[in-house]
Amino acid sequence: MSRYNVQILPAVFTPMSDDGSIHYSRVSALYQHCIASGFRGIFLNGTTGECMSLDAGERTKLVEAWMECRRKQKDPDFKIFVHIGSANLYEAAQMAEHAQAQGANGIAMVPTFYFRPGTLADLIEQCKYVAAAAPEVPFYYYNIPTLTGVNFPLISFIESAIREIPTFSGLKN
């Protein structure tokens, strides 16, 4: 038995209509597909979910649609982890608060990628600020330096995050 608690969650696509709008009514079919495929959870609004092409309202409505599917299925064991990262930290914190209110099992964020954190301490402060908006939900750092341009040693990040972010639970790399 491994000493690590590893969860593998597929990153789901956002169902889109031909005109580029979100096809929210297709979330239920996607949820059912995940269940039929044997998945016990998802990673929502990540890069595969086109998160940076959607506004905060669309992203929060997607969270609501997935949570409604889980409620209708009466399946509280189906895990929903929500990516709430944004170039706007205030917006990320609002989405974190919303994800917690909706019953998300975890939140994850990328750092700001336009005005990037200049130091590891700056990155920790960003994460700490956003995680504090959802103090009852496990927090994960989404490390994707090829897209964010933010690249600090992960061991150093983890050591600092464990000390400074009470809900820090891991990372998506």
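Before reading on, note that the structure itself is shown above.
From a predicted model like this one, the values you see are computed outputs, not experimental measurements. (Residues numbered from 1 in each chain as written. Predicted model: local features only at pLDDT ≥ 70, side-chain atom pairs only at ≥ 80, totals over all residues. Heavy atoms only, no water.)

Sorry, what's going on with the packing of aromatic side chains here?
Each aromatic ring pair is characterised by the separation of its centres together with the angle its planes make. Under the definition given, this model contains seven aromatic pairs. Measuring from ring centre to ring centre gives 5.9 Å for Tyr31 and Trp66, while their planes differ by 55°; the resulting arrangement is tilted. Placement of the pair is Tyr31 in helix H1 (residues 27-36) and Trp66 in helix H2 (residues 56-73), with a sequence separation of 35 residues. Comparing Tyr31 with Trp66, the two get one shared label, buried. A connected cluster of aromatic rings, assembled from ring pairs, spans Tyr31, Trp66 and Phe78. Against the face of Tyr24 rests Lys61, its NZ or CZ located 4.4 Å from the ring centre. Over the ring of Phe43 we find Lys172, and its NZ or CZ is 5.0 Å from the ring centre. (Phe/Tyr/Trp six-rings, centres within 6.5 Å; stacked < 30°, edge-to-face > 60°. Helix = DSSP H or I, 4+ residues; strand = E, 2+ residues; numbered from the N terminus. Buried < 20%, exposed > 50% of the residue type's maximum accessible area, 1.4 Å probe, protein only. Lys NZ or Arg CZ within 6 Å of the ring centre and 35° of its normal.)

Sorry, what's going on with helix H3 (residues 89-102) here?
The periodicity of an α-helix, 3.6 residues per turn, causes residues three or four places apart in sequence to face the same way. End to end, H3 covers 20 Å across 14 residues, agreeing with the expected 20 Å (1.5 Å per residue, within 8%). Of the positions making up H3, those classed as buried are Ala92, Ala93, Met95, Ala96, His98 and Ala99. Against H2, strand E2 (79-83), strand E3 (106-109) and helix H4 (120-132) lie the buried residues of H3. The N-cap residue of H3 is Asn88: its side-chain oxygen and the backbone nitrogen of Tyr90 are 2.9 Å apart. Positive phi shows up at Gly103, right after H3, with a value of about 100°. (Expected span 1.5 Å × (residues − 1). Contact = heavy atoms within 4.5 Å. Polar contact = N/O pair within 3.5 Å; in protein donor to acceptor, adjacent residues only side chain to side chain.)

Before we go on, may I ask you to explain the sheet that holds E3 in this structure?
Backbone-to-backbone hydrogen bonds join strands into a sheet, with any given pair of strands oriented parallel or antiparallel. Read from one edge of the open sheet, five strands run E1-E2-E3-E4-E5, paired in parallel fashion. Strands at the two margins of the open sheet, each flanked by one partner only, are strand E1 (41-44) and strand E5 (168-172). Ignoring strand direction, the axes of neighbouring strands in this sheet form an average angle of 25°. Sheet topology note: the strand E4 (residues 139-142)/E5 ladder contains four bridges and is parallel. What sits directly across from Tyr141, in E5, is Leu171. Contacting E3 and E4, H4 crosses the sheet at an angle of about 140° to E4. (Pairing = 2+ DSSP bridges. Axes fitted to C-alpha atoms, helices over the stretch in contact; angles between N-to-C directions.)

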